[in-house]
Structure formats: structure tokens, C-alpha cells
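Chains, contacts and geometry: an overview
Next come the chains, spelled out residue by residue.
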Amino acid sequence: MSEIEVVGQVVGGKAARILVREKSGKKIELGDLLAVEEKEALLILQVYDLGYGSQVSQSTRELLAGLKLEGYGAGLTFLEPQLRNYVMAEVKAVARIEGQNVRIPKTLPSFFSSIRHITKADLAFLTKPSYPIYLGKVRSGSETLDVPIHLNGMDILRHHVVVPATTGRGKSNLVKVMLWSILGQDRFGILVLDPHDEYYGRHGKGLKDHPKAKDNLLYYSSNPPAGTNTLIVNIKSIDPRHFEGIVAFTDAQQDAIKRYRNLFGEEWIENIVRGKEVQGVAPRTLGVLQRKFDNILGIHLDDSGEFQSRNKVFSDTAGITTTTDIANKLEDGKIIVVDTSRLIDEAELLIGSIVVGSIFHRYQRFKSEGKLEEKPVVSVVIEEAPRVLGKEVLATSGGNIYSTVAREGRKFKVGLIAITQLTSLIPRSILANMNTKIILGNEMALERHAIIDSAAQDLSDDDRTIASLDTGEAIVSSNFTKFAVPIQVPKFEDYAEVEPGKKEMNKTVFVG
Amino acid sequence: MYKFAHIADCHLGAHRNPVLQKLESNAFEKIMTKCVDEKVDFLVISGDLFHSNIPDMGVVNKAVKKMKEIRDEGIPIYLVYGSHDYSPNETSIIDILDSAGLFTKIVKGKVENGKLKLKFTVDPKTEVKLVGLSGRKIGMEEKYFEILDRESLEKEKGFKIFVFHSAITEFKPDYLARMTSIPISYFPKGFDYYAGGHVHKRIEEEWQEYRKIVYPGPIFAGSPRDLELSAKGENRGFYIVSFKDGVKKIDFIEIPTCQYVVYEYDASNKNSTQAQEELIQGIQELNVDNKIVLFKVTGKLSGGKTSDINFQQMRRILAEKGALYVNVNRYGLTSKKYTSLKVMGQDVHEIEKKLLKESIGSVKVKTTDLKGNKGIKLASDLLSALRQPQKPNETKRDYIERRVRHAFEVLKLTEVFE
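Counting from 1, residues in each chain are numbered in the order their sequence is written. The naming scheme follows written order: chains are lettered A onward, ligands numbered 1 onward. The predicted origin of the model limits local features to residues at a pLDDT of at least 70 and limits the giving and counting of side-chain atom pairs to 80 or more, whereas totals for whole chains, interfaces and linings rest on all residues.

**Details of the overall build of chain B**
Helices and strands together make up the secondary structure of chain B, namely twelve helices and 18 strands. With the principal axes as the frame, chain B shows a C-alpha extent of 85 × 60 × 45 Å. For every residue, the other C-beta atoms within 10 Å of its own C-beta are counted; 20 or more classify it as buried, 12 or fewer as exposed, and values in between as partly exposed. C-beta atoms are placed from the backbone. Sorting the 418 residues of chain B into buried and exposed places 37% on the buried side. The contact rule is simple: place each C-beta atom from the backbone, and if two of them lie within 7 Å, those residues are in contact. A separation threshold of at least 6 residues defines the contact pool for chain B, and within that pool the share at least 24 residues apart is 71%. Helix and strand definitions here come from DSSP, where helices need a minimum of 4 consecutive H or I residues and strands a minimum of 2 consecutive E residues; each element is numbered from the N-terminal end.

**Focus: the overall build of chain A**
Each helix and strand in chain A was counted, giving 17 helices and 23 strands. Split into buried and exposed, the 512 residues of chain A put 45% on the buried side. Counting contacts in chain A only where the partners sit at least 6 residues apart, residues at least 24 apart contribute 70% of the total.

**Details of the domain arrangement of chain B**
All names here are of chain B. For every domain, the bounds stem from an assignment made automatically or drawn from a database. As far as domains go, chain B holds domain 1 (2–254), domain 2 (259–335) and domain 3 (348–417). The straight-line distance from the C-alpha centre of domain 1 to that of domain 2 is 37 Å. At the interface, nine residues of domain 1 touch eight residues of domain 2. Put simply, the parts of the chain that give the side of domain 1 that touches domain 2 at least two residues each are helix H1 (18–37) and helix H6 (224–231). The leading source of residues in the side of domain 1 that touches domain 2 is H6, at five residues. The residue classification treats Ala, Val, Leu, Ile, Met, Phe, Trp, Tyr, Cys and Pro as nonpolar and Asp, Glu, Lys and Arg as charged. All others, Gly included, are polar. Residues of the side of domain 1 that touches domain 2, tallied by class, amount to five nonpolar, two polar and two charged.

**Some remarks on the pairing of strand E11 (residues 203–207) of chain B**
Across four bridges, E11 of chain B lies against strand E12 (residues 210–215) of chain B in antiparallel orientation. Across the sheet, the residue bridging to Trp-207 of chain B is Tyr-210 of chain B, located in E12 of chain B. Pairing between strands is defined by DSSP: at least two bridges between them are needed.

**Digging into the interface of chain B and chain A**
The parts lose accessible area when they come together, and the size of an interface is often stated as this lost area. Contact with chain B, which involves 32 residues of that partner, is made by 25 residues of chain A. With four residues, helix H4 (residues 142–147) of chain B is the largest single contributor of residues to the side of chain B that touches chain A. Broken down by class, the residue content of the side of chain B that touches chain A amounts to 13 nonpolar, seven polar and twelve charged.

**Some thoughts on the sheet that holds strand E10 (residues 161–164) of chain A**
All names here are of chain A. Spatially, E9-E8-E23-E22-E21-E10-E20-E19-E11-E18-E12-E13 is the arrangement adopted by the twelve strands of the open sheet, whose pairing is mixed. Of all the strands in the sheet, just strand E9 (143–152) and strand E13 (229–230) have a single pairing partner and so form its edges. Inspection of the sheet shows strand E22 (residues 473–478) paired to strand E23 (residues 485–488) by four bridges, in the antiparallel sense. Considered in E23, the bridge of Ala-474 is made with Ile-487. Across the sheet, helix H9 (residues 322–331) lies against strand E11 (188–194), strand E12 (217–221), strand E18 (335–339) and strand E19 (377–382), angled at about 140° from E11, the strand it touches most. To obtain each axis, a line is fitted to C-alpha atoms, and for helices this fit is confined to the stretch in contact; angles are then taken between N-to-C directions over 0 to 180 degrees.

**Examining unusual backbone geometry**
Positioned with a positive phi, Lys-413 of chain A is a non-glycine residue whose angle comes to about 65°. Positionally, Lys-413 of chain A belongs in the loop between helix H13 (401–408) and strand E20 (414–420). Phi at Asn-113 of chain B takes a positive value of approximately 50°, unusual for a residue other than glycine. Assignment of secondary structure puts Asn-113 of chain B in the loop between strand E5 (109–112) and strand E6 (115–118).

**Here's the deal with H1 of chain B**
Residue and element names in this part refer to chain B. A helix is expected to reach a length of 1.5 Å times the quantity of its residues less one. The first and last C-alpha atoms of H1 sit 28 Å apart over 20 residues, in line with the 28 Å expected at 1.5 Å per residue. Taken as a whole, H1 has its buried residues at Leu-20, Leu-23, Glu-24, Ser-25, Ala-27, Phe-28, Ile-31, Met-32 and Cys-35. For H1, the secondary structure elements touched by its buried residues are strand E1 (2–7), strand E2 (42–45), helix H2 (57–72), strand E13 (237–243) and strand E17 (325–329). Two residues or fewer past H1, Lys-39 is found with a positive phi of approximately 50°.

**Considerations on the confidence of the model for chain B**
Summing up the model confidence of chain B, the mean pLDDT is 90 and the portion of residues at 70 or higher is 96%. The complex model carries a pTM of 0.83, and its ipTM stands at 0.78. Every residue carries a pLDDT, the predictor's confidence in it, which falls somewhere between 0 and 100.

**Concerning the domain arrangement of chain A**
Residue and element names in this part refer to chain A. As assigned here, chain A comprises domain 1 (3–123), domain 2 (132–222 + 321–495) and domain 3 (236–314). Its C-alpha centre places domain 1 at a distance of 37 Å from the equivalent point of domain 2. On the domain 2 side, the residues contacting the 16 residues of domain 1 number 16 residues. At the level of elements, strand E4 (42–54) and strand E5 (85–98) are the ones that each hand at least two residues to the side of domain 1 that touches domain 2. Here the element with the most residues in the side of domain 1 that touches domain 2 is E5; it accounts for three residues. Among the residues making up the side of domain 1 that touches domain 2, the classes are represented as nine nonpolar, two polar and five charged.

**Examining the sheet that holds E1 of chain B**
Residue and element names in this part refer to chain B. Here six strands make up an open sheet; going across it, the order is E4-E3-E2-E1-E13-E14 and the pairing mixed. Edge positions in the sheet fall to strand E4 (104–105) and strand E14 (247–254), since each has one partner strand and no second. Bridge analysis of E2 against strand E3 (residues 77–79) gives three bridges, and the strand direction is parallel. The residue of E3 that forms the bridge with Leu-43 is Ile-77.

**Digging into the pairing of E9 of chain A**
All names here are of chain A. Note: strand E8 (residues 132–140) against E9, seven bridges, orientation antiparallel. Within E9, the residue paired with Ser-140 across the bridge is Glu-143. Hairpin connection from E8 to E9: two residues lie between these consecutive antiparallel strands, with Gly-141 at a positive phi of about 65°.

**Describing the nonpolar core**
The term nonpolar core refers to a set of buried Ala, Val, Leu, Ile, Met, Phe, Trp, Tyr and Cys residues connected through C-beta atoms within 7 Å. Core analysis: the largest hydrophobic core is formed by 236 residues, its most contacted members being Leu-191 of chain A together with Leu-43 of chain B. The element best represented in this core is helix H10 (residues 345–368) of chain A, accounting for ten residues. For Leu-43 of chain B, the contacting residues outside a window of four places in its chain are Phe-4, Ala-5, Cys-35, Ile-70, Ile-75 and Ile-77 of chain B.

**Details of the environment of Leu-411 of chain B**
Mapped onto the elements of the fold, Leu-411 of chain B is located in the loop between helix H11 (396–410) and helix H12 (414–417). Considered as a pair, Leu-411 of chain B and Gln-208 of chain B are 203 residues apart in the sequence and their alpha carbons are 66 Å apart.

**Concerning the packing of helix H7 (residues 272–284) of chain B against helix H8 (residues 311–320) of chain B**
Residue and element names in this part refer to chain B. Where H7 meets H8, the axes come as close as 10 Å, and the angle between the chain directions of the two elements is 10°. The orientation of H7 relative to H8 falls into the category roughly parallel. Taking contact as the criterion, the partners of Leu-279, Ile-280 and Ile-283 in H7 are, on H8, Met-314, Ile-317 and Leu-318. Working rule for angles: under 35 degrees goes down as roughly parallel, over 145 as roughly antiparallel, 65 to 115 as roughly perpendicular, anything else as oblique.

**As for the packing of H9 of chain A against H10 of chain A**
Residue and element names in this part refer to chain A. Between H9 and H10, the shortest axis-to-axis distance is 9 Å and the interhelical angle comes to 50°. Taken as axis vectors, H9 and H10 run oblique relative to one another. When you trace H9 past H10, the crossing you get is right-handed. Along its contact with H9, which presents Thr-323, Ile-326, Ala-327, Leu-330 and Glu-331, the element H10 presents Ile-354, Val-355, Ser-358, Ile-359 and Arg-362. Partitioned by chemical class, the residues of the contact of H9 with H10 number six nonpolar, two polar and two charged. Crossing chirality is assigned from the near helix's rotation relative to the far helix, an anticlockwise turn below a right angle marking it left-handed and a clockwise turn marking it right-handed.

**What to know about the confidence of the model for chain A**
Here chain A shows a mean pLDDT of 90. Residues at 70 or above account for 97%. Every residue in residues 502–506 of chain A scores below 50 in pLDDT, and together they form six contacts with partners more than four places removed in sequence or on other chains.

Okay, here's the thing in C-alpha cells:
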């Protein structure tokens, strides 16, 4: 190892808190990945805290600063200052590399070992797996190394992914990058419930610009651009169970719903909206249900008694196959983006509930028939996950299809990609089931602790590092990575740069 | 006020059975007569007038006579190809009759700078502007919708009709969920009437800027499923649309053809003898006189084979009781002894391999070479060896010997038989 590469030296500490003195003129950053070369192995260390060290007493340093500040000697300095004052880094060993084997380190680096920054060659063990999902490049502090990080999508998606961060840290950007990287693979059926209409790229660059988008991406919107699908759901596709954990009904209302379902079958909502009286249901209860369906689904009768949909998403005639179509396409390994920007929360979650319920039960059946392994993994991207996975929601409703998927989905190859600002609202039992966490910056201590407490690796020392993550910087903590990998997620617009395809001009022969 | 008639999916020539042929042709004739009686100003046919691009000439002859009658009454006919009577090189019977002036195929246009520019056909009497896109096999018309210059069509003023032969994704019935379809967003907006065909179900919709989207469904039956739906109460017929500065009235004119009887039997947990007896007893009690009988048998037999049930005998009994026609549907009937397998694949070899994979477990043998993946490979190789075609100039004897030799090689039995 040449002298130039050395950035510091191990000077003390213990297993989870190794002390490194920084070499003068070098910069060690929070989150930096450092390397110690040993006889037959390479030890990777990560910086989690920085502090000052000095051979001069505090009072002397204060005195010297006072003299300079008060103008008693501008040229005053320490004798050989680089020896007397320095930076101390607190680091932890995160991985021990022996050839292609990566292990959790169980020994300390040799005392007084020289330390250098990690290089691309040191990370050669990070190979591209089968069914890769791209997350970004390895980041050491604020420097990005040219080492791409791919995880096996088959593994991570069925075991759920959680993306915790506060606003503006790049959550949607990260998920867009991930989806772009798998759009051509046919092995992942992804349902994106998109309340901000930001994935497809209606007004800018988006998943629609992927070279394989025509075959593998479907977009549903109540205001669809040409060639995409109208988000229209027939109310006959809605079953009372789809409301579970999404809309709260009183006992009387639930009883009334059950009666309407039993009497009118799949036309139960229509008969409630039309005000059809049923024995055992008080007119007041019926009125409340009508108002609820009006508020949630936007469906009501106009003055001439015609069925109307305010948001044009729920219909009594059209959209009979919409949810089945979506489930079929998920089973075919396509990415489905559903623009729910014009819907209220409950309506968005309800549509998700119908589709997720359908695919989940379908996959349960495939498992019992021994056909599950040939099916693609299905994953559901859900923004503001505590809306359906929050402690309060689950305590009052007892659960919903999303929590069922969170708990049991991995057995049936159905997973969640849960995006949230408020991880602390999700019960630990569910967070523990989410085996990959892609942690972006978060300034809220409570949220950081919730993430750290449920991470796949011990991140108890990384509180400060997580707080200091800038936009696009992340830490990947997963059961499928050997250590918590710091990454830099590229900007979607840069990552999705593709060669402009040659336009097919006049190639189509028209036969009338 | 003007009027036009809208029909679709006549599928003339779909049936070989003379009774069904007669019913089909009756339905068509009744519609033509009704158009004359109602003095419609023109007739729109949204594809699949015929069941194939070169149908039986007897069927064509009858249809032409009726269409000529209404044309002679001054009622022009405008149509598009359907997926059944489409021809990629414009050699369908539709093109011949179009050239002969019996009707006008209204799909006219060309691809310019990657955009499909369609040209309107104007009905001289009513000045209605018609434009359309034909159906093509397996939904291939999607490419045309993709490059369609919608803007120019939307800009055109006047009463406009868009004629097409495709399912619209948003309005597909549940049993057609897997059918290839076109999203409504591909259609030009602002037409007064969207005259649809291809979906064998009556549909009337109004959807945002798409004012009237109408499918009349088939006039009789293009498939056994149509018969089944008719038997379950789906009305068959066509539309007469009254218009003046927009659509004023849409009337569905029902064309009854015959009565139906549906007989469904679940054979689960019965053996073939029991099922046979119960079926015969059941059909004896039916009033089938002058009716089409749809006979559906489902379930898994607990014993015996499905072929033990004599459906020919049942057909005979029903015919003797006066049934017009009997359709037997036993696709849902299986036996514990022989279970049917459903697999999907891109080609015969893939399907074959999957079938072998599904079935290998049920073969009880001790030799490991006949089990699991080894067994599948052996079976597959053996089938390939036996499937070799006869070479030119190869005698039958040589051909058989060659195949047997290859089979022995696959089975590694050459030495044994030498």
C-alpha cells in the first residue's frame, strides 16, 4: 500500500467503536467506507462519527485561540500542528472479505493498521445477481464509486421493501429508478398506486420512456393519454371485504351491507345508492351509507334518477374487467401504474385492495396447485404506507389485505414496496417482516429510531449518519446484503437516459 | 329527421347445420326487410358480415339478393371488414361486393409520415360523414389505432360516425377479459356515434367525449357461446338510430329467431352408468319441440370414462322429441380416471414438454430413468424420433424401419434388438 493512499491509522477502541486518527491533509467523512488490508483478508470499515483529537490541553488551545482572536499575534501557531491536532474518526468494521467470501467481522483490525479509502477493486464481490434490481452506486461518504448495486428482485420483492424518508429526500425517484431497471425483465408484476401521478411521466420523463414500455408498462388514469387505459372500475367488482381496514363502518352499517350483499349479490352498492329499501335496515342507516359511498366513491343519483360518478372512476356499466385485467397483467409480469391523483385516499386504497386481494388469492391457489414457482413475483408500491399499515388503522379494523400481504405475502410471492415518512406508525411486527430497508435522509429522531430498531443489520451507531443523508443518498439494509451498503441513487432523469430510438416512418402498410 | 340502421357480427356462413343456417339467414333477411319498412336512410355494418373471407357461395348468393333489394330501395350500405371476413391482400368477398357496388367499404386512408390519415365517406343524402377502421385477425388493428391521426378526424365538422370492429377495453364484458382490446383513449373524440362490432354482446355507452358507443351484438349466433347467451335471455337484433343535429333516439330492434332450452347436468361423484341413466331420464322430461337445445354436462365422474356416456343416443332422443338442433357441450366433463390437463406454451414442443412435466408424476415405474426430468427428456426425445417425416423417395418400409431404429437408439435398446 503506498503512503499516498493512507488516510488514517487505527489507534484504539473496541469492536463496534474503533478509533482512527485521520492523516493530516486527508479528509474522512461521515459514512466513508475505509479499508484495512490484512494478511489474507480485507476489512471494510465505516465511519459513523468524527471528533477532534489533540495533544494540547483544552486550556492551552483556548488560550491560543484567544490570543489570535484578540490580536496579540496573528502568526501564532502550534509547533508542528499536524502532529498535535487532528481528527479522530469512530468507525465500525462492517465486512471481512476473503476472496469472494464476505463475512461479518469478528476480529479487530491489527493495532496501528494503516487505513485507506475503499476502491472499486475492493468491492469486486458485489456482483450483479440474477433478476437484478438497480438501486444506485456505492457511496463512500459523499463520494460515489463506480460500483453499481443490484439486488436480486426475486428475493427482495417477495420479502417486502420499505423506503423511509422525509419529503424531498428522493423516495419516488428511488422507486422510479428501481422500476426502470426491471421494466424489461418480465419477471416482476408491479402495481404502483400513484397518488401524485409521477411515475408514468405524463408531463416529463417517466417510465413511459423506457424502450420496453410499450410491451411491459400499463397506465391507468381517469384522464388517460392516447393509448393508455381509462381507470374505471365497475361497482360490481367491489365486495364488502374490500373495504376492510380502509373505510370504517359501524356495526349497524356493516349489518346493512351484509343484507344488501346477500339480497342483491354484486349489485349491492347500486341498490344502496338507488335507495332500495330492505327489511331490517333503518332508513337512516341507508342514508348514511348512501352519503358514505357518495363521499368515497363519488357515486350518486342525479335529479332524473340516473346513476352518476363524480370522479368518473366508478361506474355501474363500464369497467367490468378493469381489476381483472390489472391482475392478469401483474401475473404476466407487467408494471401497472394507476394514477389515483384525482381520488380521495379511501378510493385509491379500495382499488388497490380489490386488485391486491385478487392477485393474492390467485397466488395462494397457484401455490396449492404447485404452479407458484413459474409465476413472476408481484409487488405493490404503496405511498404513505401507514394509511393501511399504521398501528391505529390495524387496531381499529383488525387488518386489511395490505397487512395480510405484509405478514404472509412472501409465502405466495406477493410483496409490498412501502414508502413512508412515518415509519414509527407501522407496527414492529410488520416492519420486522420487511426485510429490505432503503433508508434515505430523515431528520426526525423518532422515525430514525424506528428504522434503526428494525433494520436487518445493526445500525445503532448510524443515527447521525442517517440524519445527515443528503437527497439521493441512502443506506441499504437488507437480509440479502452482507452489510448495510451506503449508496447514491442516481437522478431518475439521468439514469433513464436512453438512446433515442429510430422512428419507424411509413413502415406500416395500411390495408383498409 | 334521418335514420340509419346499425348491425354487426352477422357471421353469415358460420354454421354447417342446415337448421342453424336457415335461422341465421332468416335473421338477416328480417333485418333487411325491417330496414326497408322503417325507411332508414342508410345501413352501417360494423364488420363480420360473413364468417370467413371466402364464404360458401350459396350463403353469399342469398345475402347479396337481400342487400341488393335494399340498395334498390335507395338505402346505401357502409361497412368495414371484421376479424373473420378480413383479408390482408384485399381479396375477401367483401372487396368483390364492394367493387361490384353492392356496398361501400368505408375504410380509406394512407400512412403519411408515420400517421394514419383516414378519409371520410360522405353519405350523399344525409351528408353524414363516416369513417372507420376494420377489424383484423387477433386484434392486429391496434397498430392502426396507434398511428391514427385523431386530430384531423376530430376537427371535421358535421354529423360523424366512427365504424370499427374491435373490443374497447373499458367496455368488455367479464367473460371476455382476456380478449385483445383497444383502450378508448385511442379512439378519436367528438363523433356523434361510434358503431362497434366484434363484441358479441349488446352494449350502449356514453363516455365523456365519446357520445354514443354502441355494439348491437350478433344478429343470431357466430359461436356456441352466442347460442348459450341467447338461451339465457340476451336479445339479438340491431339498432335504428334517429338523428338530426346529433343523435335523437336509439332503438334496439329485437329479431327473435327461435326458442331455446338449456339443460345443464353436473356429473360430479356419479359413475358413467349413473350419469347416462340420469341424463336420459332428464331429457325425456324436457319440452324441446321446435327449440334449440343446449346440453351442457360438467363435473368429474367418480368412475368410468367420459366416452362411456352415449351422447349420440341423447341427440337422437331429443331429435325424436322435435328439437330443432342440439348442441352438446361436454368440455367441463372429466373423469377421475382420466383428468384433462390445460397447459400453455408458445409452440407444440413447449406445450408437449409441459404436458409431460404435468403427467410424469402419475407414471408409476421403478426405473429412475423413466422418472422426473430424465423421464421427460426420454419421452420428448422418443416423440421427436417417431415424428420424423418421410423423406422424398423413401419407401414406406424404409421409413418405418428408420423411425424404429431411431426410437431404439433413444431408448438405448439397439443392442437388445439386434
